[in-house]
Each structure stands twice: as C-alpha cells, then as structure tokens.
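Residue strings, one per chain:
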Amino acid sequence: MFKYKIDRWPVFIILSLSAIDFALYFTVESTAALICYYLLMIVPKGTICAWNHHHQHLNTFKSDMLNRILEFFYALHTGVTTNLWVLHHNLGHHLNFLDQEKDESRWKRKDGTQMGFIEYTLNVALTAYSRGIQVGFSKPAFAKHLKPFFLYTTITFVILGMLVGHNPVGAFWIFILPMITSLILTSAATYKHHAGLDTEDEMAATYNDLRPGYNLLTGNLGYHTAHHHKQGRHWSLLPELHAQIEHKIPKELILNSSSEMSGLTAAFFSVKLMLSFGR
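In what follows, the accompanying structure is described. Only a predicted model underlies this, so the values are computations on that prediction, with no experimental measurement involved.

**Observations concerning a nonpolar patch on the surface**
Argument step 1. Together, L151, I155, V158, I159 and M162 make up an exposed nonpolar region whose accessible area comes to about 420 Å².
Argument step 2. Checked against the element boundaries, V158 lands in helix 7 (residues 146–166).

**Re the packing of helix 1 (residues 8–27) against helix 4 (residues 64–78)**
Argument step 1. One way to put it is that helix 1 packs onto helix 4 with a least axis distance of 10 Å and a crossing angle of 65°. Considering how the two elements wind past one another, helix 1 and helix 4 form a crossing that is left-handed. Facing V11, I14, L15, L17, S18, D21 and F22 of helix 1, the residues of helix 4 in contact are L70, F73, Y74, L76 and H77.
Argument step 2. Its residues assigned to classes, the contact of helix 1 with helix 4 shows nine nonpolar, two polar and one charged.

**With respect to the packing of helix 1 against helix 7**
To describe two helices that pack against each other, one gives the angle between their axes and the distance between the axes.
Argument step 1. Axis separation between helix 1 and helix 7 bottoms out at 11 Å; the angle between their running directions is 30°. In the crossing of helix 1 with helix 7, the sense of the turn from one axis to the other is left-handed. Across from F22, Y25 and F26 in helix 1, the residues of helix 7 making contact are M162, L163 and H166.
Argument step 2. Per-class residue counts for the contact of helix 1 with helix 7 are five nonpolar, one polar and no charged.

**Points about the nonpolar core**
Argument step 1. Judged by nonpolar contacts, the single largest core of 16 residues is most densely connected at Y25, L76, L160, L163 and F175.
Argument step 2. Where this core is concerned, the elements lending two or more residues are helix 1, helix 2 (31–40), helix 4, helix 7 and helix 8 (168–194).
Argument step 3. The element best represented in this core is helix 8, accounting for seven residues.
Argument step 4. Contact partners of L160, with chain neighbours within four places excluded, come to L76, F175, I176 and M179.
Argument step 5. The next biggest cluster of nonpolar side chains, apart from the first, holds 14 residues, and it includes V80, A128, V135 and I184.

**Structural notes on the pattern of salt bridges**
Argument step 1. Going through the model one piece at a time under the given rule, you end up with six salt bridges.
Argument step 2. Salt-bridge contacts for K108 lead to D198; the nearest nitrogen and oxygen are separated by 2.6 Å. With a gap of 90 residues between them, K108 in the loop between helix 5 (84–96) and helix 6 (117–138) and D198 in the loop between helix 8 and strand 1 (208–209) connect regions that are remote in the sequence.
Argument step 3. A salt bridge links E119 to R109; the shortest N-O distance between them is 2.8 Å. Residue E119 is located in helix 6, and its partner R109 is located in the loop between helix 5 and helix 6; the two are separated by ten residues in the primary sequence.
Argument step 4. E119 sits in the partly exposed class, given a relative accessible area of 34%.
Argument step 5. For R109, a relative accessible area of 31% gives the class partly exposed.
Argument step 6. Overlapping salt bridges, with partners in common, bring together K192, D209 and R211 in one network.

**Examining empty space enclosed by the protein**
Argument step 1. Summed over the entire model, instances satisfying the criterion amount to four cavities of 30 Å³ or more.
Argument step 2. In this structure, the largest cavity spans a volume of roughly 140 Å³.
Argument step 3. What lines the largest cavity is a set of 17 residues, among which H54, H55, L58, H234 and W235 lie closest to the centre.
Argument step 4. Listed by contribution, the elements that provide at least two residues to the lining of the largest cavity are helix 1 and helix 3 (42–57).
Argument step 5. By residue number, the principal contributor to the lining of the largest cavity is helix 3, which donates four residues.
Argument step 6. Class assignment of the residues belonging to the lining of the largest cavity gives a composition of seven nonpolar, eight polar and two charged.
Argument step 7. There is about 40 Å³ of room inside the second largest cavity.
Argument step 8. In terms of lining residues, the second largest cavity is bounded by K192, H193, Y207, N208, D209, Y214, L221, G222, H224 and L255.
Argument step 9. Residue assignment for the lining of the second largest cavity shows that the elements contributing at least two residues are helix 8 and strand 1.

**Some remarks on unusual backbone geometry**
Argument step 1. Residue N83 is not a glycine yet carries a positive backbone phi of 70°.
Argument step 2. Within the secondary structure layout, N83 lies in the loop between helix 4 and helix 5.
Argument step 3. Here N220, not a glycine, exhibits a phi torsion of approximately 65°, which is positive.
Argument step 4. Position of N220 relative to the elements: it lies in the loop between helix 9 (212–218) and helix 10 (224–229).
Argument step 5. Its relative accessible area of 11% is what places N220 among the buried residues.

Conventions and cut-offs
Residues numbered from 1 in each chain as written. Predicted model: local features only at pLDDT ≥ 70, side-chain atom pairs only at ≥ 80, totals over all residues. Heavy atoms only, no water. Patch = residues over 30% accessible without salt bridge, like charges linked within 9 Å, V, L, I, M, F, W, Y side chains within 5 Å. Areas by Shrake-Rupley, 256 points an atom, 1.4 Å probe, with all protein chains shown as cover. Salt bridge = Lys/Arg side-chain N within 4 Å of Asp/Glu carboxyl O. Helix = DSSP H or I, 4+ residues; strand = E, 2+ residues; numbered from the N terminus. Axes fitted to C-alpha atoms, helices over the stretch in contact; angles between N-to-C directions. Left-handed = near helix turned anticlockwise from the far one by under 90°. Contact = heavy atoms within 4.5 Å. Nonpolar A, V, L, I, M, F, W, Y, C, P; charged D, E, K, R; others polar. Core = buried A, V, L, I, M, F, W, Y, C linked by side-chain atoms within 4.5 Å. Buried < 20%, exposed > 50% of the residue type's maximum accessible area, 1.4 Å probe, protein only. 1 Å grid on protein atoms, 1.4 Å probe; cavity = no way out; pocket = protein on both sides within 12 Å on 5 of 7 lines; lining within 4 Å. Points joined across faces, edges and corners; volume = space filled by probe spheres on them.

Structure follows, in structure tokens:
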C-alpha cells in the first residue's frame, strides 16, 4: 500500500488530526473553544505543509485513489490541493530557482532587489494558485497535471462549501482559516531556503538546516540542497544524499542550532503578521 513503509507514521498522525477536526466540527458549538483550537493547531498544521510537499514530489501510496483521498485531507490542513505543488513547485520552482525572472517562488523584485520577508510571504501565497496554473499551460508536457488539479480542487471546494453550509462557524475556524494560515506559513518558511543566494551554482543556491528537531518535524526538509539536487528522492533518503554532496556545498550555507532563521521563526513572524491584520 505504501511506497515507503516509513510514511505510515506521518500519515497516521495527519489523518488522526483530520479525525479530530471533524469530531470538533460536528460536536463543538463554542466559538471560543474553536478559536483556541485554531490557535493551538497553527504550528502543527503548518508542519503538515512539509509532508504535503513531500507527497506531491513522490506520492505516498501505490494506489492513485488512496493518494487522491490523502490529498483531500492535506488540502483541508494546508490550503494546497491535488497537483498544485506539482505544477507550482516541482515543474516551476525546481526548474527555475536559479533564474529569478522565472522562479515561481522568486525572492527578487522586478528591479533586481531582494524582497523582505513579509513582502515575499504575501507575494508567494497570493500567487500560488495562479502561478501553478500558468506553469500547467506553459508546456504541453505539463498540461496533463491540470486535469486532476482542476477536478480535485473543485471537489475539495464543493465539499468545503457543504461544510460551510452545515456549520459556518465551525467550518471557518476548523477548515477555512487554517487553510489560509497554512498556505501563508508555507510561503513564509520557504523564504529562508533561497533568499539572497544569487548564483548559477545549484550547490550554492540553497541554505540547509541540519538540526534534528527541525528535520524530524519537516521530514528532512532542512537537507534542501540534496532535495533540489534530486527532487524525486524520498524524504527519508535525503540525509544520505546530503552526505554524498556535502563537500560541494559552501559551509556557510549549512546552518545549525545557532542559526536565527528557522522554520519555526518564519511561522512565528507569519502568525504575528496575520494577527496584525485583525487589529
């Protein structure tokens, strides 16, 4: 059933969180309780974004049906539907990250200057769907990914609409706002991967975060140069690949626990950003 048995635990945890979401949606009427749950789950659901990212690089199950079902639950946690990251990230960013005029997650402005953290976060989050669709239409070979994207995105939002119709308050705090938040957190977390690294050398274009805790939560996403070097490599194999190419990576691009910019730091500032909008 699983392509890699190690995926059993993250999938179990993520689907368990989905079960909790639906249990609360159908049973909890207190808005205050739902707000508390939303705030409590910001970072855990933000972490799920990394696993959705891994899944869209290399599908978790051997069965297409199981993959589509998993992607539905991923979408309710992360705001990213079937094939969006395949288009935007795999066929867009990964092919273009060395060219800031084309990169779908570009960190440069049109005038060549570097975007700030908040500007980048909003730019990438607000254009995620439109840029993904543009990639799909850019080449005939990419177009095959558009049909499942449109189909399952439509199904996801139809079901979401039904959830809103049944329980608007619960749907907002348990599904809609977390989807928006997680998409913003995903964009925020990617700023530290490449921002400021203007180079044509693949080995010098990405920061790496080797802290065990960070990589446990994100499925080794900190081994980011290795991930770009072989984007189809399963997340569990990235440390091994990193060891093979580490000698080619500039030492200053390998970060440790003293590094100021981490995924949780990005998440923290993103939450502050969103809270400031509500004032």
